[in-house]
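# Chains, contacts and geometry: an overview
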Amino acid sequence: MTTDKILLSVEHMTMRFGGLVAVDDLSFASKAREITAIIGPNGAGKTTVFNCLTGFYKPMVGRLALHHPRGLMLLERMEEFRIAQQAGVARTFQNIRLFARMTVLENLIVAQHHALMRASLFTVAGLIGLPRYHRAERTAVDKARYWLEQVKLLEYADTAAGTLSYGAQRRLEIARSMCTDPVLLCLDEPAAGLNTQESSELNTLLRRIRDEHGIGLLLIEHDMNVVMGLSDHIVVLDYGRKIADGTPATVRTNPEVIKAYLGEEDDIELPPEVSRGLRLEGDNKD
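A brief look at the structure comes next. Note that the coordinates shown come from a computational prediction; the quantities given were computed from them, not determined experimentally.

## Some words on the sheet that holds strand 10 (residues 241-246)
The strand order across the open sheet built from six strands is 6-7-8-3-9-10, with neighbouring strands paired in mixed fashion. The open sheet has two edge strands with one neighbour each: strand 6 (89-92) and strand 10. Strand-to-strand twist of the sheet, defined as the mean angle between neighbouring strand axes without regard to direction, takes the value 15°. Pairing of strand 6 with strand 7 (residues 184-188), which is carried by four bridges, proceeds in the parallel orientation. Bridged to Val-89 within strand 7 is Leu-184. Lying on the sheet, helix 8 (residues 196-213) is in contact with strand 3 (35-39), strand 7 and strand 8 (216-220); it crosses strand 8 at an angle near 150°.

## Comments concerning the pattern of salt bridges
Applying the stated rule across the entire model yields eight salt bridges. Note that Asp-181 is salt-bridged to Lys-143, the shortest N-O span being 2.6 Å. Taken together, the positions of Asp-181 in the loop between helix 7 (166-178) and strand 7 and Lys-143 in helix 6 (residues 131-150) put the pair 38 residues apart, joining distant regions of the chain. Here the salt bridges share partners, and the residues they tie into one network are Arg-210, Asp-211 and Asp-232.

## Focus on the packing of aromatic side chains
Scanning the model with the defined rule gives three aromatic pairs in all. Plain terms: the ring middles of Tyr-146 and Trp-147 are 5.1 Å apart, the flat faces sit at 85° to each other, and that makes the pair edge-to-face. Assessed through its relative accessible area of 5%, Trp-147 is described here as buried. In this structure an aromatic cluster arises from ring pairing among Phe-17, Phe-56 and Tyr-57.

Conventions we followed
Residues numbered from 1 in each chain as written. Predicted model: local features only at pLDDT ≥ 70, side-chain atom pairs only at ≥ 80, totals over all residues. Heavy atoms only, no water. Pairing = 2+ DSSP bridges. Helix = DSSP H or I, 4+ residues; strand = E, 2+ residues; numbered from the N terminus. Axes fitted to C-alpha atoms, helices over the stretch in contact; angles between N-to-C directions. Contact = heavy atoms within 4.5 Å. Salt bridge = Lys/Arg side-chain N within 4 Å of Asp/Glu carboxyl O. Phe/Tyr/Trp six-rings, centres within 6.5 Å; stacked < 30°, edge-to-face > 60°. Buried < 20%, exposed > 50% of the residue type's maximum accessible area, 1.4 Å probe, protein only.

Shown next, in the form of structure tokens:
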């Protein structure tokens, strides 16, 4: 499902660490209501791109323009916390980052802390029990329960998050991000460690987020089955440089992409986890 509206424009982004060029003059655009995957071999610069988009790093060169409903926002000029709060860019991480001892529901309430603090007039309205704060509390709980239902975790609302299975924790992390009402959701290897059924359920969830909530998704993923079956648009990096940019069908047969994954020899056998996505499967998107 695509639209002509550009949501994110990355223009000439470059990031260096000493003499190492982690991202080299990268430009691409992703659209609203579209899933864009950023793929490439280990060390290609994928996570560095996410770190720049979410404010953890400031790119040395480049313009990161988010076309927000409230107006154009230049992410490279914003502080990290403002990118999340004001620009509406949410992120999940390679390594799950939940509050393990809090309940599943509390993890989603905490994600709405900024809205609750505003409603409480920074604690005053909460302390004296003004109706505006109670309304905000009910709204926060309702939103949390909605997303727990979407990720099939509502029955675990009062369970400590750290006791959930690995796949359930992955889904909870996505639900927590969605509780911030993002316009752009960045997912860093969401399928890592998931079995086949869990990966399929993840694909269904992410399509539903795209289609029903109208946001853009950026995806870093090594599982080519997930990438080729889910993405509308793929950007391929190798040593920080963009080598391909297009639809899954176009990228799958790109000689530079195959070379980046396999090395110089183009007649060797593809590794199974790559071949299933790059060469052997048709485009199985819904």
